[in-house]
Amino acid sequence: MPKISVVMPAYNAEKYIGESIDSILNQTYGDFEFIIINDGSRDSTKEIILSYSDNRIVYLENEINSGIVVTLNKGLKYATGEYIARMDADDIAVAERLEKQIEFMEKNKDVGVLGTGICIFGEDVQEQARVFTTNPEQLKAELIFNSCIAHPTVMMRSNILKNNGLSYDLEYAGAEDYNLWWKIAKVSRIATIPDLLVKYRIHSSQITKKKDEKYYKMMIKLMEERFSDIGFKSSDIEKKLFMKYCLGEFETFSQKEVEGLVDCLVHLLRCNKLNKYFSQKKLIKIFELAIIYTLNNSGLSDVEKKQSYKYAVKAGVFTLITRLKVLYHKMYR
């Protein structure tokens, strides 16, 4: 039985899949099976995959295009490794990716899912590094707002999924990774390492998440699930403003809405102080950052930003250290 099962879905991926396959086959760590699921591609994806003779490749095929959630779950079903590593058919894994991730997982038995940093690249795209929070407690707290782990970088423990009946949920297609991280974080620690171990490609043929009414309803349901798990009983206005932040609609925040968001976050802090779902210290930190980010990216005037900041200070969201930093940088004056 291989130590790692690399699971890679592929749909009409002929342009880049060769690079992706090569990057996995050329890993410095070699004890793995490479499960590639062709999701009903209509181009030469199948022929490219089958052109490889490496016996570590396990080829699976959907007769019709079934979508990423069904395809990923099919890969999980066939995986036999102690660890499951995700890979996308248009990305490139750095040669040491699997070696570094398995080294971390073997040393940190309490971690159920591990992500890495990424290097964003592509045609007409300036390369940039993106590193995620590496503190496990802060990472868990950041999940209150959104996904903070790059899906194509993860390595998961198979037994965490199997023992807790976890897989990708079709009901949350488009946020299936976020939903899974949230569930794993309930039964295990989650972590990331800062190493840039995946080159994440940006290109025109990528599938984007369509933010239609169905998407909004799904995200609201996912938010309500998070609130339920942490025992937070929110009002309708709190849900509306919290979701507005999660969806990145910062420019449309009015002063009243910013202050309403502050009230919501204060309510959440009081709730967490009682239920201790998150580290209170880390939750305060991400809420401070959330308010500052909202103010800085809103369309409010300088006077309105100053008034909203004072409102947040009075509400007790900001620590003394953060207030001193704001003062030092002459913000909201």
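Residues numbered from 1 in each chain as written. Predicted model: local features only at pLDDT ≥ 70, side-chain atom pairs only at ≥ 80, totals over all residues. Heavy atoms only, no water.

Visitor: How should the layout of surface pockets be read in this particular structure?
Guide: Where empty space is left in the structure can be found by rolling a water-sized probe over the atoms. The calculated volume of the second largest pocket comes to roughly 460 Å³. Contributing to the lining of the second largest pocket are 17 residues, with Arg130, Glu142, Phe145, Asn146 and Tyr245 lying nearest its centre. Only helix 5 (136–142), helix 9 (236–246) and helix 11 (280–297) provide two or more residues apiece to the lining of the second largest pocket. Sorting elements by how many residues they give to the lining of the second largest pocket places helix 11 first, with four residues. When grouped by side-chain class, the residues that make up the lining of the second largest pocket number 10 nonpolar, five polar and two charged. (1 Å grid on protein atoms, 1.4 Å probe; cavity = no way out; pocket = protein on both sides within 12 Å on 5 of 7 lines; lining within 4 Å. Points joined across faces, edges and corners; volume = space filled by probe spheres on them. Helix = DSSP H or I, 4+ residues; strand = E, 2+ residues; numbered from the N terminus. Nonpolar A, V, L, I, M, F, W, Y, C, P; charged D, E, K, R; others polar.)

Visitor: Could you clarify how one ought to interpret the pattern of salt bridges in this entry?
Guide: Proximity of charged atoms lets side chains of opposite charge pair with each other. Tallying each qualifying case throughout the model produces 19 salt bridges. A salt bridge links Glu82 to Lys3, with the nearest nitrogen and oxygen atoms 2.7 Å apart. Taken together, the residues span a long stretch of sequence, with Glu82 in the loop between helix 3 (68–78) and strand 4 (83–86) and Lys3 in the segment before strand 1 (4–10) at a distance of 79 residues. Here Lys221 and Glu171 are joined by a salt bridge, their closest N and O atoms 1.9 Å apart. Separated by 50 residues along the polypeptide, Lys221 in helix 8 (residues 213–230) and Glu171 in the loop between helix 6 (158–163) and helix 7 (176–187) bring together distant segments of the chain. What makes Lys221 partly exposed here is its relative accessible area of 38%. One salt-bridge network, in which partners are shared between bridges, spans Lys3, Glu82, Glu106 and Lys109. (Salt bridge = Lys/Arg side-chain N within 4 Å of Asp/Glu carboxyl O. Buried < 20%, exposed > 50% of the residue type's maximum accessible area, 1.4 Å probe, protein only.)

Visitor: I'm lost on the packing of aromatic side chains in this one. Help?
Guide: Both the distance between ring centres and the angle between the ring planes are used here to describe each pair of aromatic rings. Per the counting criterion, the structure on display carries 13 aromatic pairs. Look at Phe145 and Tyr245: their rings are 4.5 Å apart centre to centre, the planes differ by 50 degrees, and that puts the pair in the tilted class. Within this pair, whereas Phe145 is found in the loop between helix 5 and strand 8 (155–157), its partner Tyr245 is found in helix 9, the two being separated by 100 residues in sequence. Residue classification places Tyr245 among the buried positions, given a relative accessible area of 11%. Pairing Phe250 with Tyr293 gives two aromatic rings, centres 5.0 Å apart and planes at 75 degrees, and the pair type is edge-to-face. Residue Phe250 is located in the loop between helix 9 and helix 10 (255–275), and its partner Tyr293 is located in helix 11; the two are separated by 43 residues in the primary sequence. Members of the aromatic cluster, each reached through a chain of ring pairs, are Phe145, Phe227, Phe232, Phe242, Tyr245, Phe250, Phe287 and Tyr293. Between Lys140 and the ring centre of Tyr277, over which it is positioned, the NZ or CZ distance is 4.7 Å. (Phe/Tyr/Trp six-rings, centres within 6.5 Å; stacked < 30°, edge-to-face > 60°. Lys NZ or Arg CZ within 6 Å of the ring centre and 35° of its normal.)

Visitor: What exactly am I supposed to notice about the nonpolar core here?
Guide: Core analysis: the biggest nonpolar cluster contains 73 residues, and Ile144, Phe145, Met156, Trp181, Ile184 and Phe242 have the highest contact counts within it. For Phe242, the contacting residues outside a window of four places in its chain are Ile144, Phe145, Met223, Arg226, Phe227, Leu261, Cys264, Leu265 and Leu268. Phe34, Tyr83, Val111 and Ile193 belong to the second largest nonpolar core, which has 28 residues in total. (Core = buried A, V, L, I, M, F, W, Y, C linked by side-chain atoms within 4.5 Å. Contact = heavy atoms within 4.5 Å.)

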